[in-house]
Amino acid sequence: MPAAAQHRRPRRNSIIRTLVVAGTGAAVLALPLIGAASASAATSSSTTASTTLAGYPNNLDGWIRESLAIMAEKHIPGTYNGIYRNLMRESSGNPRAINLWDSNAAKGIPSKGLLQVIDPTFKAYHVDGTSFDIYDPVANITAACNYAAARYGSIDNVHGAY
């Protein structure tokens with residue numbers, strides 16, 4: 001495009017933009033000072049990460065690792081990747097997930113938890129040392145892996161609904 005045809009911004013837009021940026025920067029710098037006058041000290045519990053009773057992070061990664069530790073003690077096969085792949089497919093990582101539409105739900109026994117286990121299966125394959133709450137992430141993962149080991153050899157061998 002020829003130089004004569006190039007569009008030029010009016011100078012006032014440049015000045016306005018400079019003032020807006022400067023004003024925003026001043027506001028950002030002032031916010032910590034304004035908040036500091038009324039801020040209270042954080043408690044130690046709010047600054048530390050939540051952990052399980054066994055000391056694992058109270059999140060998806062921690063639940064899987066804690067389950068794997070229990071599984072190793074009980075000689076239940078399975079890997080992090082196998083568990084993660086299956087629970088993401090089954091519940092998208094939601095420990096409170098419940099399936100209210102499939103054939104199990106139609107029979108009155110909906111699948112629950114991270115690995116979508118039904119109550120009778122959870123009870124039959126519950127692993128000692130874990131909670132009896134089907135929604136407890138570690139108990140759900142460990143029982144489901146125990147079931148998968150008995151039925152398929154390992155949770156790693158499960159690549160679809162089980």
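Residues numbered from 1 in each chain as written. Predicted model: local features only at pLDDT ≥ 70, side-chain atom pairs only at ≥ 80, totals over all residues. Heavy atoms only, no water.

**Points about the nonpolar core**
Point 1. Residues I83, L87, I141 and C145 are the most contacted members of the largest nonpolar core, which totals 25 residues.
Point 2. Residue assignment for this core shows that the elements contributing at least two residues are α3 (60-74), α4 (80-91) and α7 (137-152).
Point 3. The residues touching I141, leaving out its near neighbours within four places in the chain, are W63, I64, S67, I83, L87, L114 and L115. (Core = buried A, V, L, I, M, F, W, Y, C linked by side-chain atoms within 4.5 Å. Buried < 20%, exposed > 50% of the residue type's maximum accessible area, 1.4 Å probe, protein only. Helix = DSSP H or I, 4+ residues; strand = E, 2+ residues; numbered from the N terminus. Contact = heavy atoms within 4.5 Å.)

**Notes on the pattern of salt bridges**
Point 1. Enumeration over the complete set of coordinates arrives at 3 salt bridges.
Point 2. In this structure, the salt-bridge partner of D61 is R65, at a minimum N-O distance of 3.6 Å. Highlighted residues: D61 and R65, both in helix α3, separated by 4 residues, approximately one helical turn.
Point 3. A salt bridge links E90 to R89; its shortest N-O distance comes to 3.3 Å.
Point 4. Note on E90: relative accessible area 22%, which makes it partly exposed. (Salt bridge = Lys/Arg side-chain N within 4 Å of Asp/Glu carboxyl O.)

**Description of the environment of S92**
Point 1. Take S92: it is sitting in the loop between α4 and β1 (98-99).
Point 2. Note: C-alpha distance between S92 and L115 (23 residues apart in sequence) is 9.4 Å.

**Let's talk about the side chain of T142**
Point 1. Of note, T142 is situated in helix α7.
Point 2. With near-sequence residues (within four places) excluded, T142 lies in contact with S67, I70, M71, V127 and T130.

**Thoughts on the packing of aromatic side chains**
Point 1. Taken as a whole, this structure holds 3 aromatic pairs when the rule is applied.
Point 2. The interplanar angle of 85 degrees and the centroid separation of 6.5 Å between the aromatic rings of Y147 and Y152 together place this pair among those described as edge-to-face.
Point 3. Put simply, the rings of Y125, Y147 and Y152 pair up and form one aromatic cluster. (Phe/Tyr/Trp six-rings, centres within 6.5 Å; stacked < 30°, edge-to-face > 60°.)

**Details of unusual backbone geometry**
Point 1. Backbone geometry at H75 places phi at a positive 60 degrees, although glycine is not the residue there.
Point 2. In this structure, H75 sits in the loop between α3 and α4.
Point 3. A relative accessible area of 71% means that H75 is categorised as exposed.
Point 4. In the Ramachandran plot, Q116 falls in the positive-phi region, its phi being about 50 degrees despite a non-glycine side chain.

**Section: the environment of K74**
Point 1. You can see K74 is positioned in helix α3.
Point 2. Discounting residues that sit within four places of it in the chain, K74 has contacts with V127 and D128.

**What about the packing of α3 against α7?**
Point 1. One way to put it is that α3 packs onto α7 with a least axis distance of 9 Å and a crossing angle of 50 degrees. Judged on the interaxial angle alone, α7 and α3 are oblique. Of the two elements, α3 crosses α7, and the hand of that crossing is right-handed. Contacts between α3 and α7 involve W63, I64, E66, S67, I70 and M71 on the former and, on the latter, P137, V138, I141, T142 and C145.
Point 2. Across the contact of α3 with α7, the residue classes break down as 8 nonpolar, 2 polar and 1 charged. (Axes fitted to C-alpha atoms, helices over the stretch in contact; angles between N-to-C directions. Parallel < 35°, antiparallel > 145°, perpendicular 65-115°, else oblique. Left-handed = near helix turned anticlockwise from the far one by under 90°. Nonpolar A, V, L, I, M, F, W, Y, C, P; charged D, E, K, R; others polar.)

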